Amino acid sequence: MLNIDLHCHSNVSDGMLPPAEVVARATANGVHVLALTDHDDVGGLAEAAVAAADAGIAFVPGVEISVTWSGQTVHIVGLRIDPSHPDLAAGLQSIRNGRMTRARRMGEDLARSGIVGAYEGACDYAANKQMVGRTHFARWLVAQGHVADVRSAFRRYLTRGHPGYVEHEWTTLENAVGWIRASGGMAVIAHPGRYAFDARQQHLLLDAFRALGGEGVEVVTGSHHPSEYGKWADLARAFGLKASRGADFHAPGEGIDIGRLPALPHYCQPVWQGWPELDSCFSQNVA
Ligand code: AMP
Ligand code: MN
Ligand code: MN
Ligand code: MN
């Protein structure tokens, strides 16, 4: 079986490893086809593509776009995108601009709770100063001894109702899917089980996404408990969407490692069906 992992992060967003080291880790873990999907930034794709070619694994250029839908943050993964497409590039730049304002406000909010210097601290943890996110704040809070680990940082801070959480309006679902499609890519709903939606809202999201030209949902992801795989595989099928697999790897020791999740349920229609990237894999396996 081919090991295909279509969701992970480098230090261009909130991962810890540089893009080439993410590719090296994927290769060591036996991944045959890898997509790098940094939040709101495509700056790591060129380095990752070169590293993948050197390592002999297939590479898929990707991105994970932050969206606000029905009052909640939803993540849309773009796969097989053209990172140089002007609509996509301009859209992602506008999201990064909003991130910086938000990061300063998060720092101000933490200061009101007596935690000073968080904005500067988070920036120190971000290799890409345009892409400061909650994970960078979380790692700084751990390093400062405010919490024991990143998980606790999100439990006590940085989430709705806790210090450091700032309401933020990301881009629209329509924009995100539109930019991905304009650049020739395929749009996939990331970790659909993670959002605070009831069944009715989940169905509305799948319907709206499909109507906009979205094509897939993540079924097997590090954010889903294995008991949820069947539910999302069934919903994907019911709503005419394909299924994706990705660990959402961020850093060694944080969450699931690249390429280490189970396969998709056998009855899923995978997003990678018919991709030319798989041909090169098969010819290499034969050679
Ligand atoms: P942001 O885009 O800045 O709001 O940050 C979102 C990122 O925070 C996600 O992509 C995850 O990497 C991380 N994250 C969100 N919630 C949690 C959590 N409960 N535990 C650990 N990491 C989380
Ligand atoms: Mn992240
Ligand atoms: Mn996500
Ligand atoms: Mn992610």
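The rules behind each value
Residues numbered from 1 in each chain as written. Chains lettered and ligands numbered in written order. Predicted model: local features only at pLDDT ≥ 70, side-chain atom pairs only at ≥ 80, totals over all residues. Heavy atoms only, no water. Pairing = 2+ DSSP bridges. Helix = DSSP H or I, 4+ residues; strand = E, 2+ residues; numbered from the N terminus. Contact = heavy atoms within 4.5 Å. Axes fitted to C-alpha atoms, helices over the stretch in contact; angles between N-to-C directions. Parallel < 35°, antiparallel > 145°, perpendicular 65-115°, else oblique. Left-handed = near helix turned anticlockwise from the far one by under 90°. Nonpolar A, V, L, I, M, F, W, Y, C, P; charged D, E, K, R; others polar. Donors = N, O, S within 2.8 Å, 3.2 Å for Na, K, Ca; no water. Buried < 20%, exposed > 50% of the residue type's maximum accessible area, 1.4 Å probe, protein only. pLDDT = per-residue confidence, 0-100.

Turning to the sheet that holds strand 6 (residues 216-221), a few remarks are in order. Backbone hydrogen bonds are what pair the strands of a sheet, in a parallel or an antiparallel way. If you trace the 7 strands from one edge of the open sheet to the other, you get 1-2-3-4-5-6-7, paired in mixed fashion. Edge positions in the sheet fall to strand 1 (4-5) and strand 7 (242-246), since each has one partner strand and no second. Of the strands in this sheet, strand 3 (58-69), strand 4 (72-79), strand 5 (186-189) and strand 6 touch helix 8 (residues 199-211), which is tilted by about 180° from strand 5.

For the rest of this paragraph, the subject is the packing of helix 8 against helix 9 (residues 229-238). Packing of helix 8 against helix 9 leaves a shortest axis separation of 11 Å and a crossing angle of 45°. Looking at the two axes, helix 8 sits oblique to helix 9. In this structure, helix 8 crosses over helix 9, and the sense of that crossing is right-handed. Contacts from Gln 202, His 203 and Leu 206 in helix 8 reach Lys 231, Trp 232 and Leu 235 in helix 9. Looking at side-chain class alone, the contact of helix 8 with helix 9 contains 3 nonpolar, 2 polar and 1 charged residues.

At 2.1 to 2.2 Å from the manganese ion (ligand 4) lie its protein donor atoms, namely His 7 (NE2), His 9 (NE2), Glu 64 (OE) and Asp 248 (OD). Along the chain, the residues donating to the manganese ion (ligand 4) fall in the pattern H-x1-H-x54-E-x183-D. Between the manganese ion (ligand 4) and the manganese ion (ligand 2), the interatomic distance is 4.5 Å. As far as the burial class goes, His 7 and His 9 line up, both buried.

Working reference: metal with six octahedral donors, ideal angles 90 or 180 degrees; metal with four tetrahedral donors, ideal angle 109.5 degrees. Within the protein, the atoms that donate to the manganese ion (ligand 3) are Glu 64 (OE), His 75 (ND1) and His 191 (NE2), at distances of 2.1 to 2.2 Å. Written as a sequence motif, the donor arrangement for the manganese ion (ligand 3) is E-x10-H-x115-H.

Moving on, we come to the confidence of the model for the protein. When pLDDT is averaged along the protein, the result is 96; 98% of the residues meet or exceed 70. At the level of individual helices and strands, the protein shows its lowest average pLDDT in helix 10 (residues 276-286), which scores 75, and its highest in strand 5, which scores 99.

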